[in-house]
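# Analysis of the macromolecular model
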Amino acid sequence: MTVQLRGRAEAVTIQWIPKYTFLERLGHWLHTATFVPLALTGMVLYFPFLRPLAQGEAGEFFRLVHRVAAVIFGLLPIVYYIFQPRRLLLHIREFLPRKEDIGWLKAAPAYYLLGKHEVMPPQGRFNAGEKLNGLVMMVTWAVFGLTGIPMWFGKGVIPPELFRWLVVFHDLAMIVAVCMFLVHLYLAVAHPLMWAGLVSMRFGVTSAEYAAEHHAKWYYGPKRAMEIWEEKKREAAHH
Ligand code: HEM
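To start, this report covers the structure provided alongside it. (Residues numbered from 1 in each chain as written. Predicted model: local features only at pLDDT ≥ 70, side-chain atom pairs only at ≥ 80, totals over all residues.)

In terms of helices and strands, the protein chain carries ten helices and four strands. Listing the helices and strands of the protein chain from first to last along the sequence gives β-β-β-α-α-α-α-α-α-α-β-α-α-α. With respect to the three principal axes, the spread of C-alpha positions in the protein chain is 70 × 40 × 40 Å. In the protein chain, which comprises 239 residues, the share counted as buried stands at 15%. Long-range contacts, defined here as pairs at least 24 residues apart, represent 62% of the contacts in the protein chain between residues at least 6 apart. (Helix = DSSP H or I, 4+ residues; strand = E, 2+ residues; numbered from the N terminus. Buried ≥ 20, exposed ≤ 12 C-beta atoms within 10 Å, placed from the backbone. Contact = placed C-beta atoms within 7 Å.)

Here it is in structure tokens:
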């Protein structure tokens with residue numbers, strides 16, 4: 001694709017490479033569209049200062065919204081598994097932590113806060129931060145389901161002591177998932193280096209230039225990516 005940037009005489013050519021399928025993008029946005037109301041209605045039931053809202057008709061309404069959103073939220077990964085099982089398994093494998101993620105953690109403050117690109121070791125299709133987000137979302141999805149379904153249908157049947165533990169784990173899952181979500185939202189929407197993430201979640205593609213810079217291991221393969229990184233570090237040391 002060729003674009004003409006304002007203030008630049010020559011046209012810039014962008015080469016796009018595929019990153020997400022249509023189902024993955026639809027799933028991502030439906031996940032967001034159900035997660036946010038689930039978190040908001042959950043908070044109404046959780047925070048004591050919001051408790052007046054959880055009474056009477058308003059309370060009934062919030063509980064209904066929570067349940068309707070929960071059904072869609074719960075079904076999304078199952079639909080994904082039915083239609084694109086290999087892609088789901090690929091993502092689960094890619095999200096698993098590896099030793100090299102420690103390199104990302106160590107470099108992240110200088111990279112994100114000071115803009116020092118040369119300190120960041122080459123990353124795969126997802127960097128360690130994105131993998132953490134994926135992993136937290138998968139684990140909390142399972143915890144929400146395993147605790148939420150018995151909370152929904154087991155009132156009066158499940159022993160009260162066990163029921164209380166279900167609620168505690170449901171609440172803990174909310175705290176972890178919402179904290180992760182806020183970091184993810186900031187990086188995706190506000191951070192100046194991360195603009196291409198939103199493009200790929202909307203259109204399914206990423207620019208080759210962005211992939212080479214941010215996901216070098218995926219773009220070049222591990223060996224070439226390491227060579228390029230070593231060169232970059234040597235150059236930075238000379239300046
Ligand atoms: C499979 C998904 C989910 C299911 C089946 C589910 C189900 C439930 C049910 C049945 C309740 C009890 C509501 C009542 O009192 O009538 C509840 C409460 C709650 N849910 Fe969920 N939920 C799910 C996902 C989520 C998500 C994604 C969040 C937050 C991000 C969340 C946060 C909460 C909170 C904070 C409460 C209040 C618990 C308390 O009383 O302390 N839930 N949920």
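Still to come is the rest of the account.
A few words on the site of the ligand. Taken together, 24 residues lie around the ligand, and Gly 42, Leu 45, Ala 70, Gly 148 and Trp 152 are the ones closest in. Broken down by secondary-structure element, the contributors of at least two residues to the shell around the ligand are helix H1 (22-46), helix H2 (56-83), helix H5 (128-153) and helix H6 (160-189). Residue composition of the shell around the ligand, grouped by class: 16 nonpolar, six polar and two charged. (Near = placed C-beta within 6 Å. Nonpolar A, V, L, I, M, F, W, Y, C, P; charged D, E, K, R; others polar.)

Further remarks concern the nonpolar core. Inside soluble globular proteins, nonpolar side chains tend to come together where they are buried. Grouped together as the largest cluster of nonpolar side chains are six residues: Tyr 210, Ala 211, Ala 216, Trp 218, Tyr 219 and Ala 225. Of all the secondary structure elements, the ones that give two or more residues to this core are helix H8 (208-214) and helix H9 (216-220). Element by element, the count of residues in this core is highest for H9, at three residues. With residues up to four places along the chain from it excluded, the contact list for Ala 216 reads Pro 122, Gln 123, Ala 225 and Ile 228. (Core = buried A, V, L, I, M, F, W, Y, C linked by C-beta atoms within 7 Å.)

What follows concerns H6. End to end, H6 covers 42 Å across 30 residues, agreeing with the expected 44 Å (1.5 Å per residue, within 8%). For H6, every residue scored as buried is listed here: His 170, Ala 173 and Ala 177. Where H6 is buried, its residues touch H5. (Expected span 1.5 Å × (residues − 1).)

To continue, consider the packing of helix H4 (residues 101-114) against H5. Axis separation between H4 and H5 bottoms out at 9 Å; the angle between their running directions is 110°. Considering their axes alone, H4 and H5 lie roughly perpendicular with respect to each other. Residue-level inspection shows Asp 101, Trp 104, Leu 105 and Ala 108 of H4 in contact with H5, the latter providing Ala 128, Gly 129 and Lys 131. (Axes fitted to C-alpha atoms, helices over the stretch in contact; angles between N-to-C directions. Parallel < 35°, antiparallel > 145°, perpendicular 65-115°, else oblique.)

In this section: the environment of Thr 21. Looking at the secondary structure, you find Thr 21 in the loop between strand S3 (16-18) and H1. Look at Thr 21 and you get partly exposed, because 14 C-beta atoms sit within 10 Å. Residues Thr 21 and Val 205 lie 184 residues apart in sequence; the distance between their C-alpha atoms is 9.1 Å. If near-sequence neighbours (up to four positions away) are discounted, Thr 21 is found in contact with Gln 84, Arg 87 and Gly 204.

Attention shifts here to helix H10 (residues 222-238). The end-to-end C-alpha distance of H10, which contains 17 residues, comes to 25 Å, matching closely the 24 Å that a straight helix rising 1.5 Å per residue would cover. Among the 17 residues that make up H10, one are buried, leaving the element largely open to the surroundings.

With their axes 9 Å apart at the nearest point, H1 and H2 run at an angle of 155° to one another. Classed by the angle they form, the pair H1 and H2 counts as roughly antiparallel. As H1 packs across H2, the resulting crossing turns out to be left-handed. Contacts from Leu 23, Gly 27, Leu 30, His 31, Thr 34, Phe 35, Pro 37, Leu 38, Thr 41, Gly 42 and Val 44 of H1 reach H2 at Phe 62, Val 65, His 66, Ala 69, Ala 70, Ile 72, Phe 73, Leu 76, Tyr 80 and Phe 83. Counted by class, the contact of H1 with H2 contains 15 nonpolar, six polar and no charged residues. (Left-handed = near helix turned anticlockwise from the far one by under 90°.)

A word on the environment of Ala 225. Among the structural elements, Ala 225 can be located in helix H10. Look at Ala 225 and you get buried, because 20 C-beta atoms sit within 10 Å. For Ala 225 and Ile 175, which are 50 residues apart along the polypeptide, the C-alpha to C-alpha distance reads 37 Å. For Ala 225, the contacting residues outside a window of four places in its chain are Pro 122, Ala 216, Lys 217 and Tyr 220.

On to the environment of Phe 169. Position of Phe 169 among the secondary structure elements: in helix H6. Each residue touching Phe 169, except ones within four places of it in the same chain, is listed here: Val 143 and Thr 147.

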